[in-house]
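Notes for the structure review
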Amino acid sequence: MGFLDSILGRSKPARPDLDQLFSLPSAALTLKAGVGLEPTGVGAVCFASVEGGAFIQLQHEVRELLNTDVESGGIPVEFTQDEYGYTWLLARQERGDTSSLVTDLHAVNSLLTEAGFGPQLLCSLVEFDEPEGDRTLALVYLYKRGSFYPFAPLPGATEKRDNALELQVRGLLSKELPLEKDLSRWFPVWGAPGL
């Protein structure tokens, strides 16, 4: 950042650091102790659509990377497209196995980046819920901002958020994760697979 940028109040955006995803298993323990939310074993990566042969090759490489050969006991990876045209890759692990899930998500993000699709990466998320309740929460990693934020859709409500839970989670995880300070960037991810 240059001298003129600091005078004009411009700031340099945080660089994406995919290794931040490895902070999630520790954050999962804090969420369980603090608000009773546990990892479901479901995570997703969202990226702008890749068309044609490149997308088919990408699907093949991701399945190969994550060893998702269902016939030999692998866990299937799902690719879906949302109403806005973004592609979601949904990965699953055993409930509570945040470490393996994060490793899978990190590998997918790294593969996309190495294949030249880094600019198309939007976010990754890991889902949490109450085993005996109906609250759900996603911790969303914004690739271009290098930060996390909580997203808590209200159960049964159409596109309404549990803002109190999101702020409570922000307070709980403020020392464990690089949280997005600009609340206007806590984008809702309505219809994200797994939520």
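Refer to the preceding data block for the structure.
Residues numbered from 1 in each chain as written. Predicted model: local features only at pLDDT ≥ 70, side-chain atom pairs only at ≥ 80, totals over all residues. Heavy atoms only, no water.

Examining the overall build of the chain
From N to C terminus, the chain includes five helices and six strands. Counting every position in the chain, which comprises 195 residues, the buried fraction comes to 43%. Relative to all contacts within the chain whose residues are 6 or more apart in sequence, the contacts with residues 24 or more apart total 64%. Per element, the accessible surface of the chain, about 10200 Å² overall, is 52% carbon and sulfur. (Helix = DSSP H or I, 4+ residues; strand = E, 2+ residues; numbered from the N terminus. Buried < 20%, exposed > 50% of the residue type's maximum accessible area, 1.4 Å probe, protein only. Contact = heavy atoms within 4.5 Å. Areas by Shrake-Rupley, 256 points an atom, 1.4 Å probe, with all protein chains shown as cover.)

Digging into the layout of surface pockets
When its volume is computed, the largest pocket comes out at roughly 390 Å³. Forming the boundary of the largest pocket are 18 residues, of which Leu-122, Cys-123, Phe-187, Pro-188 and Val-189 lie nearest the centre. Here the lining of the largest pocket is composed, by residue class, of 14 nonpolar, no polar and four charged. (1 Å grid on protein atoms, 1.4 Å probe; cavity = no way out; pocket = protein on both sides within 12 Å on 5 of 7 lines; lining within 4 Å. Points joined across faces, edges and corners; volume = space filled by probe spheres on them. Nonpolar A, V, L, I, M, F, W, Y, C, P; charged D, E, K, R; others polar.)

A word on the sheet that holds strand β1 (residues 38–48)
Taken together, the six strands give an open sheet; going across it, the order is β2-β3-β1-β4-β5-β6, and neighbouring strands pair in antiparallel fashion. Each edge of the open sheet carries a strand with a single partner, namely β2 (78–81) and β6 (147–151). The average undirected angle you get between the axes of adjacent strands in this sheet is 25 degrees. As defined by bridge partners, strand β5 (residues 136–142) adjoins β6 across five bridges and the pair is classed as antiparallel. Bridging from a neighbouring strand, Leu-142 pairs with Ser-147 of β6. (Pairing = 2+ DSSP bridges. Axes fitted to C-alpha atoms, helices over the stretch in contact; angles between N-to-C directions.)

A word on the pairing of β5
The element β5 is largely enclosed, with a buried count of six among its seven residues. Looking at chain direction, strand β4 (residues 121–129) and β5 are connected through seven bridges and run antiparallel. From the neighbouring strand, Leu-125 faces β5, where its bridge partner is Val-140. Counted between consecutive antiparallel strands, the loop separating β4 from β5 contains six residues. Linkage of β5 to β6, two consecutive antiparallel strands, is achieved through a turn of four residues, within which Gly-146 is found at a positive phi near 70 degrees.

Examining the environment of Glu-130
Mapped onto the fold, Glu-130 is located in the loop between β4 and β5. When the C-alpha atoms of Glu-130 and Thr-40 are compared, they prove to be 9.2 Å apart, with 90 residues separating the residues in sequence. Beyond its immediate chain neighbours, meaning those up to four positions away, Glu-130 contacts Gly-36, Leu-37 and Arg-135. In this structure the side chain of Glu-130 is engaged in a polar contact, spanning 3.4 Å, whose partner is the backbone nitrogen of Asp-134. (Polar contact = N/O pair within 3.5 Å; in protein donor to acceptor, adjacent residues only side chain to side chain.)

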